[in-house]
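Summary of the model geometry
Now for the letters of each chain:
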Amino acid sequence: MGLVSRYVVPFLNEHYIEAMLSLLVVIFINFIVPKNNKKKGEEAMQNGSVPGHKSSSTKEERASKNVIKSGGVGDVADDDEDEGLDNLVDPLWPEDLKHVPFRPPRYTQEESLQRSRDYFELLNKRRSVRFFSSEPVPREVIDNIVRTGGTSPSGAHTEPWTFVVVGDIDMKHEVRRIVEAEEEVNYTKRMGSQWVNDLKALKTNWVKEYLTEAPWLILIFKQTYGILPDGRKRNHYYHEISTALAGGIMLSAIHYAGLVTLTSTPLNCGPQLRTLLGRPSNEKLLLLLPVGYPSLDATVPDLQRKDLEDIMVVF
Ligand code: IYR
């Protein structure tokens, strides 16, 4: 008691307490906050997400929130728990990477105008199709489509993607079994009534005939990190954005080849499909594209696209 009155009580005046509180605030702002943000920033660089976005809720809670927010196939619940992403090796470039002249084809302004019109008109005819013919498509066409996807830009040129091509009918049946079982739960439980209602006009449900009708399925996996020959993990910057861009480029290649696809995102199927296809745990399913010709009686919803004024702002 003597000690307390001698050493503590004299300092219990409001000026002293105020000064100590200010000191604590300064320490917190300067040292604790930047440290946390740096860590979050590093995480975000790897997955392209917004720092501080992940909450401390359980995996299941995050899953259902994500289902409602984004409807993404690669969401946390799906297969996105990245284990041990510390100590990543940054991309390895050859010691003396050369820069070489770049001379792409050069068109006149009129030619460019014509080409831009033509390409718009071509891609404006692309539609997501759910009704496929089983008519075969040569493997070489698929090879070229995958090659084209592989021309996509990627973070630090890490090419963080794997395209799994399935033509084997038994494997397609396995994929369909997994997707339909999960999608039934998605439609009846996980998605919620508003989401199901929003999709009504598209006439989708959990029965996915296209998964066995289409001659090919392309499952696009993003690689959340790379694995070097010596086992070290390599940083794959912006792996999700890079792989999504590759998917977009593939959509245009599929359409240009006169084929159709559906950018399907079978929610909660990632881990099972990854295991079925023998892919390693650094790969997460991003998109599943059935590829082939439309069935003769295929229909699509009569949708309109937004006008230029509604999607473009010019300064
Ligand atoms: N993945 C489901 C649900 C679905 C979700 C959206 I957002 C769509 O635009 C279409 C379908 C399915 O494939 O049925």
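If you're wondering where the values come from, they're calculated on a predicted model, not measured in any experiment.

This brings us to empty space enclosed by the protein. Within the structure shown, the criterion is met by one cavity of 30 Å³ or more. Within this model, the largest cavity holds a volume of roughly 40 Å³. In terms of lining, the largest cavity is formed by Arg126, Arg127, Leu251, Ile254, His255, Leu259, Val260 and Thr261. Secondary structure elements with two or more residues in the lining of the largest cavity: α10 (239-256) and β5 (260-261). If one sorts the elements of the lining of the largest cavity by residue count, α10 sits on top with three residues. Here the residues of the lining of the largest cavity sort into four nonpolar, two polar and two charged.

The next thing to look at is the side chain of Asn282. Checked against the element boundaries, Asn282 lands in the loop between α11 (270-276) and β6 (283-292). Polar side-chain contacts of Asn282 include one of 2.8 Å to the backbone oxygen of Tyr225. Those residues in contact with Asn282 that lie beyond four places of it in its chain are Lys222, Gln223, Thr224, Tyr225, Gly226 and Ile227.

This brings us to the side chain of Thr261. With respect to the element layout, Thr261 can be found in strand β5. For Thr261, the side chain forms a polar contact with the main-chain oxygen of Pro290, separated by 2.6 Å. Non-local contacts of Thr261, meaning those with residues more than four positions away in its chain, are made with Arg127, Ser128, Val129, Phe132, Leu251, Ile254, Leu289, Pro290 and Val291.

Let us look at the nonpolar core. Val179, Leu217, Leu219, Leu273 and Leu288 are the most contacted members of the largest nonpolar core, which has 20 residues in total. Sorting the residues of this core by element identifies β1 (161-166), α7 (169-190), α9 (210-213), β2 (216-223) and β6 as the ones contributing at least two each. Apart from residues no more than four positions distant in its own chain, Val179 is found in contact with Lys208, Leu211, Pro266, Cys269, Leu273 and Leu288. Judged by nonpolar contacts, the second largest core, of 19 residues, contains Phe163, Ile218, Ile220 and Leu287.

A separate point is the pairing of β2. Counting buried positions along β2 yields eight of eight residues, so the element is predominantly enclosed. Relative to β2, β1 runs antiparallel, the two sharing six bridges. Residue pairing across strands places Phe163 opposite Ile220, the latter belonging to β2. Where β2 and β6 come together, eight bridges link them in antiparallel fashion. Bridged to Leu217 within β6 is Pro290.

We now examine the site of the ligand. Close to the ligand lie Arg130, Glu183, Tyr187, Trp195, Leu199, Leu202, Asn205, Lys208 and Thr265, which account for all nearby residues. Contact distances for the ligand include 2.9 Å between a nitrogen atom and a side-chain N or O atom of Glu183. In this structure, Thr265 approaches the ligand through a main-chain N or O atom, which is 3.5 Å from a nitrogen atom. Expressed as a share of its isolated accessible area of 380 Å², the protein-covered part of the ligand is 72%. Judged by the proximity of its atoms to the pocket grid, the ligand belongs to the second largest pocket. Of all the elements in the fold, those that place two or more residues in the shell around the ligand are α7 and α8 (192-199).

Approximately 670 Å³ is the volume found for the second largest pocket. As for the second largest pocket, its lining consists of 28 residues, of which Arg130, Leu202, Thr204, Leu262 and Thr263 are closest to the centre. With four residues, α7 is the single largest residue contributor to the lining of the second largest pocket. Per-class residue counts for the lining of the second largest pocket are 14 nonpolar, eight polar and six charged.

At a minimum axis separation of 10 Å, helix α5 (residues 109-123) and α10 run at an interaxial angle of 85°. As summarised for this structure, α5 and α10 are arranged roughly perpendicular, according to the angle between their axes. When α5 is examined against α10, the residues Tyr119, Leu122 and Leu123 are found in contact with a partner set consisting of Ser252, His255 and Tyr256. When grouped by side-chain class, the residues that make up the contact of α5 with α10 number four nonpolar, two polar and no charged.

All right, on to the sheet that holds β5 then. Taking strand neighbours across the sheet as the criterion, the four strands line up as β1-β2-β6-β5 in an open arrangement whose pairing is antiparallel. Of all the strands in the sheet, just β1 and β5 have a single pairing partner and so form its edges. Across the sheet, α7 lies against β1, β2 and β6, angled at about 65° from β2, the strand it touches most.

How each quantity is defined
- Residues numbered from 1 in each chain as written.
- Predicted model: local features only at pLDDT ≥ 70, side-chain atom pairs only at ≥ 80, totals over all residues.
- Heavy atoms only, no water.
- 1 Å grid on protein atoms, 1.4 Å probe; cavity = no way out; pocket = protein on both sides within 12 Å on 5 of 7 lines; lining within 4 Å.
- Points joined across faces, edges and corners; volume = space filled by probe spheres on them.
- Helix = DSSP H or I, 4+ residues; strand = E, 2+ residues; numbered from the N terminus.
- Nonpolar A, V, L, I, M, F, W, Y, C, P; charged D, E, K, R; others polar.
- Polar contact = N/O pair within 3.5 Å; in protein donor to acceptor, adjacent residues only side chain to side chain.
- Contact = heavy atoms within 4.5 Å.
- Core = buried A, V, L, I, M, F, W, Y, C linked by side-chain atoms within 4.5 Å.
- Buried < 20%, exposed > 50% of the residue type's maximum accessible area, 1.4 Å probe, protein only.
- Pairing = 2+ DSSP bridges.
- Near = heavy atom within 4 Å.
- Areas by Shrake-Rupley, 256 points an atom, 1.4 Å probe, with all protein chains shown as cover.
- Sits in = over half its atoms within 2 Å of the grid points.
- Axes fitted to C-alpha atoms, helices over the stretch in contact; angles between N-to-C directions.
- Parallel < 35°, antiparallel > 145°, perpendicular 65-115°, else oblique.

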